[in-house]
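Residue strings, one per chain:
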Amino acid sequence: MSGLFTAAFLRQIGWDADVYERSTVELVGRGAGITTHPELLEALQKSGAGTRDLGVEIEKRITIDRDGRVIGEKSLPQILTSWDRLQRLLRDTMADAHYHLGHTFARVEQDGSGVVVHFADGRCERADVLVGSDGIRSSVRAQCAPAIRPIYAGYYIWRGAPREADLEPETCESIFPYFTFFLPERQQVLGYPIAGLDNDLRVGHRRYNVIWYRVGDAQELRDMCVDENGQQHEYSVPPPLVRKDLIAQMRADAEEIMPPQFLDCLDHMQPFFTPIFDFSSGQFVFGRVALVGDAASSARPHMGFGMAKAGDDARALAEALGGHDDIDEGLAAYNRIRQPIGERIVRHGRKLGTHLGVDLRSHEDRTMWKLLQDHRAMMDWIAVPNFLGRDP
Ligand SMILES: Cc1cc2nc3c(=O)[nH]c(=O)nc-3n(C[C@H](O)[C@H](O)[C@H](O)COP(=O)(O)OP(=O)(O)OC[C@H]3O[C@@H](n4cnc5c(N)ncnc54)[C@H](O)[C@@H]3O)c2cc1C
């Protein structure tokens, strides 16, 4: 996503930009829900991608209790979109000739005036600048700054997106139209509506994005990363290979604590899990290599801000390069502007993560943890717009 954003913004300042993606097929079908922010909407507009049929508009958020009764609500209009929709809008900004599937970055060489990028199959390309937009496990960053590694937050999420048509009428009526919170001790269950398959926004054809945060230490995570065939994975397991005994245990645990509406959702989705990591690179620029999006810094997902940051990084990079005759000065300006912002966003994610009570080290952590034990505070802080610079 940050690669497509970058290419779109660089073209606007008159640069030639090509995107090299390791996947051999177009990236479709990643069903995850994405909350939007004003910054993301602006980046989509300015990049030329636009916001056509972006997602489901909701009016408010609610908190429910174990019996499914509403115990709090807050008016907050938001658009909830999906990874697929954003990918389609951004992909449409690129001519096929400049989008190269099946290119896995292997290494980069620099000579002061440009880069030579080598791909795993032996091909190489020369360019003025390489923009590493290859996500939280960035191979570009691994070469430029090998010491920087994402840090496990001590918790993970179960996720899934049941179809609206499969849910009970009671679920559709009471929680489906809203951003819903259910907050048992040291856990969070969140849900919100997103488009159905092929961006279907019609009532009855949408899905409900469900996220269940649970605490688990590194050893537990390692055990979860053994798949159905007994193979150990490093960070997570592809959804179809998540072990059946884990899913059975997760469902049994849910029976103990969940309100009926979320149990209904769990009964109708294929669950998979994602461990939560974060980090921020102390530098976004290494010679003629710049990092953007999750490759540069990646926050815990409590703000739902990753896409907005990807768009803003890309835009700032193009503005900095467009505003300087000298490429190196432009890159230095980008680093100056965006690196501190990336770090602030990561810090903010950690602040919101204190709700789960993991590794509360400072007085500030404990104060934030205490504040977030109130469901009204959670509705005020989680995935809300304009959060930067706000203090509890
Ligand atoms: C659980 C969870 C929930 C989230 N919720 C939200 C939300 O609600 N709102 C929001 O805005 N953000 C959310 N995010 C964050 C968002 O998904 C990311 O910030 C966003 O995808 C960053 O995009 P990116 O392009 O930088 O990285 P990625 O999306 O990871 O893309 C990296 C790309 O690089 C490719 N690649 C990797 N290695 C190589 C290589 N060696 N060679 C070539 N290509 C390579 C990959 O195939 C991929 O296409 C969430 C994240 C998580 C984990």
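On a predicted model such as this, the values are computed, not experimentally measured, just so you know. (Residues numbered from 1 in each chain as written. Predicted model: local features only at pLDDT ≥ 70, side-chain atom pairs only at ≥ 80, totals over all residues. Heavy atoms only, no water.)

**Student:** Go over helix α1 (residues 2–12) with me, naming the residues and quoting the values.
**Tutor:** Counting buried positions along α1 yields nine of eleven residues, so the element is predominantly enclosed. Turning to α1, its buried residues number three or more, namely Ser2, Gly3, Leu4, Phe5, Thr6, Ala7, Ala8, Phe9 and Leu10. For α1, the elements touching its buried residues are β1 (19–20), α2 (38–47), α3 (83–91), β5 (99–100), β9 (130–132) and α9 (306–322). Just downstream of α1 lies Gly14, where phi reads positive at about 90°. (Buried < 20%, exposed > 50% of the residue type's maximum accessible area, 1.4 Å probe, protein only. Helix = DSSP H or I, 4+ residues; strand = E, 2+ residues; numbered from the N terminus. Contact = heavy atoms within 4.5 Å.)

**Student:** Got a sec to walk through the packing of aromatic side chains? Specific residues and values, please.
**Tutor:** The tally for this structure, following the rule as stated, stands at eleven aromatic pairs. Consider the rings of Phe176 and Tyr208, whose centres lie 5.3 Å apart with planes at 35°: the pair is tilted. With Phe176 in the loop between α5 (169–174) and β11 (179–182) and Tyr208 in strand β13 (residues 207–215), the pair connects residues that are 32 residues apart, well separated along the chain. In this structure, Phe176 and Tyr208 share a single accessibility class: buried. Where Phe179 meets Tyr192, the ring centres are 5.1 Å apart and the plane angle is 45°; that geometry is what we call tilted. With Phe179 in strand β11 and Tyr192 in strand β12 (residues 188–194), this pair connects stretches of sequence that are 13 residues apart. Taken together, the aromatic side chains of Tyr152, Tyr235 and Phe277 make up a single cluster linked through ring pairs. We note Lys60 situated over the ring of Tyr178; from NZ or CZ to the ring centre the distance is 4.8 Å. (Phe/Tyr/Trp six-rings, centres within 6.5 Å; stacked < 30°, edge-to-face > 60°. Lys NZ or Arg CZ within 6 Å of the ring centre and 35° of its normal.)

**Student:** Could you give an account of the environment of Ser139, naming the residues involved and the relevant values?
**Tutor:** Residue placement: Ser139 occurs in helix α4 (residues 139–144). Take Ser139: its relative accessible area is 35%, and that puts it in the partly exposed class. Put simply, Ser139 and Ala295 are 156 residues apart on the chain and 8.6 Å apart in space, counted from C-alpha to C-alpha. Ser139 has contacts with Phe105 and Asp134, leaving out every residue within four places of it along the chain.

**Student:** Quick rundown of the layout of surface pockets? Include the residues and the values.
**Tutor:** Empty space within the second largest pocket amounts to approximately 620 Å³. As for the second largest pocket, its lining consists of 25 residues, of which Arg300, Arg347, Arg350, Lys351 and Asp365 are closest to the centre. With six residues, helix α10 (residues 327–353) is the largest single contributor of residues to the lining of the second largest pocket. A class-by-class count of the residues in the lining of the second largest pocket yields eight nonpolar, five polar and twelve charged. (1 Å grid on protein atoms, 1.4 Å probe; cavity = no way out; pocket = protein on both sides within 12 Å on 5 of 7 lines; lining within 4 Å. Points joined across faces, edges and corners; volume = space filled by probe spheres on them. Nonpolar A, V, L, I, M, F, W, Y, C, P; charged D, E, K, R; others polar.)

**Student:** If you had to explain the sheet that holds strand β8 (residues 124–127) to someone new, which residues and values would you point to?
**Tutor:** In space, the three strands of this open sheet follow the order β6-β7-β8, with antiparallel pairing throughout. One side of each edge strand has no neighbouring strand; the edge strands of this open sheet are β6 (105–110) and β8. Pairs of neighbouring strands in the sheet enclose a mean axial angle of 20°, with direction left out of account. Taken together, the five bridges between β6 and strand β7 (residues 115–119) define a ladder with antiparallel strand orientation. Paired with Phe105 across the two strands is Phe119, which belongs to β7. (Pairing = 2+ DSSP bridges. Axes fitted to C-alpha atoms, helices over the stretch in contact; angles between N-to-C directions.)

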